[in-house]
Amino acid sequence: MARADADDRRFDTPKGTRRARSFRGSGDSDRFGRFTELVARGMGTPGFLLGLSVFAIGWMVWNTFAPEEWRFDSIAIGFTALTLVLSLQASYAAPLILLAQNRQDDRDRVQIEQDRQRAERNLADTEYLAREVVALRLAMKDLASREFIRSELRSIIEELDRRDEEDAEHGRR
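These figures come from a predicted structure and were not determined experimentally.

Asks: Requested: an account of the overall build of the chain, with residues and values cited.
Replies: Across its full length, the chain carries 5 helices and 0 strands. Surface exposure of the chain reaches about 14600 Å², of which carbon and sulfur atoms provide 61%.

Asks: Pulling in residues and values, what's your account of unusual backbone geometry?
Replies: Of note in the backbone geometry, Phe79 takes a positive phi value of approximately 50° without being a glycine. Relative to the elements of secondary structure, Phe79 occurs in the loop between helix H3 (46-65) and helix H4 (80-142). A residue is classified by how much of its surface remains accessible, and Phe79, at 9% relative accessible area, is buried.

Asks: Talk me through a nonpolar patch on the surface; I want residue IDs and the actual numbers.
Replies: Among the surface-exposed residues, Phe148, Ile149, Leu153, Ile156 and Leu160 lie close enough to one another that they form a single nonpolar patch of about 460 Å² accessible area. Residue position: Phe148 is located in helix H5 (residues 146-172).

Asks: Describe the confidence of the model for the chain, listing the residues and the values that go with them.
Replies: Interpretation of this model should avoid reading the predicted coordinates in detail wherever pLDDT is low. In this model, the chain carries a mean pLDDT of 85, and residues with pLDDT of at least 70 account for 83%. Mean pLDDT across the secondary structure elements of the chain bottoms out at helix H1 (residues 2-8), with 54, and peaks at H3, with 95.

Asks: Any chance you could break down the pattern of salt bridges for me, citing the residues and the numbers?
Replies: Per the stated rule, a full pass over the model turns up 14 salt bridges. For Glu68, the salt bridge is made with Arg71, and the minimal N-O distance between the two is 3.3 Å. Overall, the relative accessible area of 29% leaves Arg71 in the partly exposed class. Here Glu120 makes a salt bridge to Arg116, at a shortest N to O gap of 2.4 Å. Separated by 4 residues within a single helix, Glu120 and Arg116 lie in helix H4, roughly one turn from each other. Each of Asp30, Arg34, Glu37, Arg41, Arg103 and Arg107 takes part in one network of salt bridges that share partners.

Asks: Can you explain a negative patch on the surface? Please cite residues and give values.
Replies: Taken together, the side chains of Glu158, Asp161, Asp164, Glu165, Asp167 and Glu169 present a region of like negative charge at the surface. Examined against the element boundaries, Glu165 turns out to sit in helix H5.

Asks: Can you tell me about the environment of Met60, naming the residues and giving the values?
Replies: With respect to the helices, strands and loops of the structure, Met60 is situated in helix H3. On the basis of relative accessible area, Met60 is assigned to the partly exposed category, the value being 32%. Sequence separation between Met60 and Ser74 is 14 residues; the distance between their C-alpha atoms is 9.1 Å. Other than its neighbours up to four places away in sequence, Met60 contacts Phe79 and Leu82.

Asks: Any chance you could break down the packing of aromatic side chains for me, citing the residues and the numbers?
Replies: Using the criterion set out here, one finds 4 aromatic pairs in the structure. Ring geometry for Phe55 and Trp59: centres 5.6 Å apart, planes at 65°, overall edge-to-face. Taken as a pair, Phe55 and Trp59 lie in helix H3 at a separation of 4 residues, close to a single helical turn. Trp59 gets classed as buried once you look at its relative accessible area, which sits at 13%. Aromatic side chains Trp62 and Trp70 sit 6.0 Å apart centroid to centroid with 5° between the ring planes, which places their arrangement in the stacked category. By relative accessible area, Trp62 is classed as partly exposed at 38%. Look at Trp70 and you get exposed, because its relative accessible area is 53%. Grouping aromatic residues by their ring pairs yields a cluster made of Phe55, Trp59 and Phe72.

Asks: How would you summarise the environment of Thr36 if you had to cite specific residues and measurements?
Replies: With respect to the element layout, Thr36 can be found in helix H2 (residues 31-43). Sequence separation of Thr36 and Gln101 is 65 residues, and the distance between their C-alpha atoms is 9.1 Å. Apart from the residues within four sequence positions on either side, Thr36 is in contact with Leu96, Leu99, Ala100 and Arg103.

Reading the values: the criteria
Residues numbered from 1 in each chain as written. Predicted model: local features only at pLDDT ≥ 70, side-chain atom pairs only at ≥ 80, totals over all residues. Heavy atoms only, no water. Helix = DSSP H or I, 4+ residues; strand = E, 2+ residues; numbered from the N terminus. Areas by Shrake-Rupley, 256 points an atom, 1.4 Å probe, with all protein chains shown as cover. Buried < 20%, exposed > 50% of the residue type's maximum accessible area, 1.4 Å probe, protein only. Patch = residues over 30% accessible without salt bridge, like charges linked within 9 Å, V, L, I, M, F, W, Y side chains within 5 Å. Salt bridge = Lys/Arg side-chain N within 4 Å of Asp/Glu carboxyl O. pLDDT = per-residue confidence, 0-100. Lys, Arg positive; Asp, Glu negative; His and termini not counted. Charge placed at Lys NZ, Arg CZ, Asp CG, Glu CD. Contact = heavy atoms within 4.5 Å. Phe/Tyr/Trp six-rings, centres within 6.5 Å; stacked < 30°, edge-to-face > 60°.

Laid out in structure tokens, this is it:
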């Protein structure tokens, strides 16, 4: 039950797409992928390169200057064991780096798709807002301006004054 709760707390994968556990008992199906990314990140650091250089130099120094009975790789045959160790390291490093790169490509592909969808939504929103602004401008042209209202009020006042004058003339007669 505790493991199910841990799976529910994962936010990087939608609930419907999580895979069930396999018969091999692999546990977290993404564990190996995270391991490959960790290895790829580690191999690209100056610390790793420095460590590998120190290891190779130490190997060569030991097998050159150590007492004959303590040496395990011969300088006479070109440090064959060191070459094999470095080849083995490289043969495992390359596929791990490629796997990590594939995972990053998948994440990038998802991010690009999300960016495209966001851009489409932004374009639709912008077009909608542009239509609304145009509609408001058209509506504003139909509204009476301040000058129009003033001129109408002046004409009404003049009309009322004229009627008052007519009523006053008719009232005198």
